[in-house]
Amino acid sequence: MTSAPRRPYVTDPTPPVEEAVPDGTAELPAGLWDRMRNDPQYAPEHLALEAVRRLGPQARAWADRARAEGPGVDADALAQQATRKFVKLARLSGAVSGAAGLPGAVVDVGVLAWTQARMVLHIAAAYGVDPTHNDRAIDLLVLQKVHKVAQTARLALGVAAGRERAGALFGRAALPLARTVASLGVKLAQMAGVRAAKRLFAKLIPGAGIVLGTWANSSATTDLARRTVAMYRPRPAIPQQRTA
């Protein structure tokens, strides 16, 4: 018995996002958590820098593979597939830590911000924008409304990078958890586009965090996807009027 011939990929230009992006919600690197806990004021900047370093190459490899397997694949289709995948993952991040109380909520919001960063970099790659370029960290902070303009984001990233290098050279004493957890949670909630008070403290009420988290994560991530597409999608050229 012979199997039916496989359809050419070009007849079904759905990019393999599901294969490139693992199911479940990725954990943040342990070193990143340490930097954010010890420097909560610049937690979003540390996350953005690490996301470009770690996730940018993954996003670029995914887009390159999708285009190689489906020549002529539409950039909007790539972006839409990435959006759907990461919105789905964002819904799952509301209870990822398995920990109760405020510390668990902080972990959940951090994972959400990381998932959103993955989405932004994949959408950038879908539109042919280099997801490994340092400017993507600036884009992340502006798109996630940590900073209003690129210039202030650039300055904050420079400060965070300098503090990261100093910490690596000289070390930095860990701050008391009780002193930093609320500040870190608010910063990450701001980055993830979730209202800090509701999102962080809903987990203290049994059952409320799951319901609110699923809705808030999906809504915030969908809104972020729209802003990201608007930033990276090429604008149609405006025809110039010919002068007589």
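Scoring rules and cut-offs
Residues numbered from 1 in each chain as written. Predicted model: local features only at pLDDT ≥ 70, side-chain atom pairs only at ≥ 80, totals over all residues. Heavy atoms only, no water. Helix = DSSP H or I, 4+ residues; strand = E, 2+ residues; numbered from the N terminus. Buried < 20%, exposed > 50% of the residue type's maximum accessible area, 1.4 Å probe, protein only. Contact = heavy atoms within 4.5 Å. Areas by Shrake-Rupley, 256 points an atom, 1.4 Å probe, with all protein chains shown as cover. Axes fitted to C-alpha atoms, helices over the stretch in contact; angles between N-to-C directions. Parallel < 35°, antiparallel > 145°, perpendicular 65-115°, else oblique. Left-handed = near helix turned anticlockwise from the far one by under 90°. Polar contact = N/O pair within 3.5 Å; in protein donor to acceptor, adjacent residues only side chain to side chain. Core = buried A, V, L, I, M, F, W, Y, C linked by side-chain atoms within 4.5 Å. Salt bridge = Lys/Arg side-chain N within 4 Å of Asp/Glu carboxyl O. pLDDT = per-residue confidence, 0-100.

Asker: Can you help me understand the overall build of the protein chain in this one?
Answerer: Scanning the protein chain from terminus to terminus reveals 10 helices and 0 strands. Listing each helix as α and each strand as β along the protein chain from the N terminus yields α-α-α-α-α-α-α-α-α-α. Put simply, the protein chain has 244 residues, and 45% of those count as buried. Sequence-distant contacts, at least 24 apart, represent 78% of the contacts inside the protein chain between residues at least 6 apart. For the protein chain, the exposed area adds up to about 12900 Å²; of that, 58% sits on carbon and sulfur atoms.

Asker: Honestly, the packing of helix α3 (residues 43-69) against helix α6 (residues 135-143) in this entry has me stumped. Any pointers?
Answerer: For any two helices packed against each other, the geometry is given by the interaxial angle and the distance between the axes. Two elements in contact, α3 and α6, have axes separated by 9 Å at closest approach and are oriented at 135°. Viewed along their axes, α3 and α6 adopt a mutual orientation that is oblique. In this structure, the crossing between α3 and α6 has a hand that is right-handed. Along its contact with α3, which presents P44, E45, A48, L49, A51 and V52, the element α6 presents R136, A137, L140 and L141.

Asker: Got a minute to help me understand the side chain of T221 in this structure?
Answerer: If you trace the backbone, T221 turns up in helix α10 (residues 208-232). Side chain to side chain, T221 and Q116 meet in a polar contact 3.1 Å long. Discounting residues that sit within four places of it in the chain, T221 has contacts with F86, V87, A90, L112, Q116 and M119.

Asker: How do you make sense of the nonpolar core when you look at a structure like this?
Answerer: Generally speaking, nonpolar side chains in soluble globular proteins are found buried as a group. By size, the foremost hydrophobic cluster in this structure holds 59 residues, and its most contacted members are L28, M36, L47, I123 and L188. For this core, the secondary structure elements donating two or more residues are α2 (30-38), α3, α4 (75-92), α5 (101-126), α6, α7 (150-170), α8 (177-192) and α10. Among the elements that line this core, the one with the most residues is α5, at 14 residues. If sequence neighbours within four positions are ignored, L188 has contacts with W33, M36, A43, L47, V106, V109, G110 and A113.

Asker: Teacher, can you tell me more about the pattern of salt bridges here?
Answerer: If the charged atoms of two oppositely charged side chains come close together, the side chains can form a pair. On inspection of all chains with the given rule, the structure shows 11 salt bridges. Between R37 and D34 there is a salt bridge; the shortest N-O distance is 3.2 Å. Residue R37 and its partner D34 are located together in helix α2, separated by 3 residues, close to a single helical turn. Overall, the relative accessible area of 35% leaves D34 in the partly exposed class. Two residues, E69 and R65, come together in a salt bridge whose shortest N-O distance is 3.6 Å. Of this pair, E69 and R65 are both found in helix α3, 4 residues apart, which corresponds to roughly one turn of the helix.

Asker: How should I be thinking about unusual backbone geometry in this particular structure?
Answerer: Trans peptide bonds make up most of the peptide bonds, and negative phi angles are found at most residues other than glycine. Positive phi outside glycine occurs at K145, with the angle close to 60°. Its place among the elements puts K145 in the loop between α6 and α7. Using a relative accessible area of 56% as the deciding quantity, one classes K145 as exposed.

Asker: What is the right way to look at α6 in this model?
Answerer: Note that an α-helix has 3.6 residues per turn; residues three or four places apart therefore point the same way. In terms of residue burial, α6 counts as a mostly covered element, since 7 of its 9 residues are buried. Among the residues of α6, R136, A137, I138, D139, L140, L141 and L143 are the ones counted as buried. Note on α6: the residue one or two positions beyond its end, K145, has a positive phi of about 60°.

Asker: Explain the packing of α2 against α3 to me, please; I cannot follow it from the model alone.
Answerer: The contact between α2 and α3 brings their axes to 8 Å, and the two run at 160°. Considered as vectors, α2 and α3 are oriented roughly antiparallel to each other. Seen from above, α2 lies across α3 with right-handed handedness. Contacts between α2 and α3 pair L32, R35 and M36 from the former with A43, H46, L47, E50 and R53 from the latter.

Asker: So what exactly am I meant to see when it comes to the confidence of the model for the protein chain here?
Answerer: The pLDDT averaged across the protein chain works out to 77; a share of 66% of its residues lies at or above 70. This stretch, residues 1-20, has a pLDDT under 50; its non-local contacts, to residues over four places away or in other chains, come to 27 contacts. Below a pLDDT of 50 lies the segment residues 203-212, which in the model reaches 16 contacts outside its immediate sequence neighbourhood of four places, other chains included.

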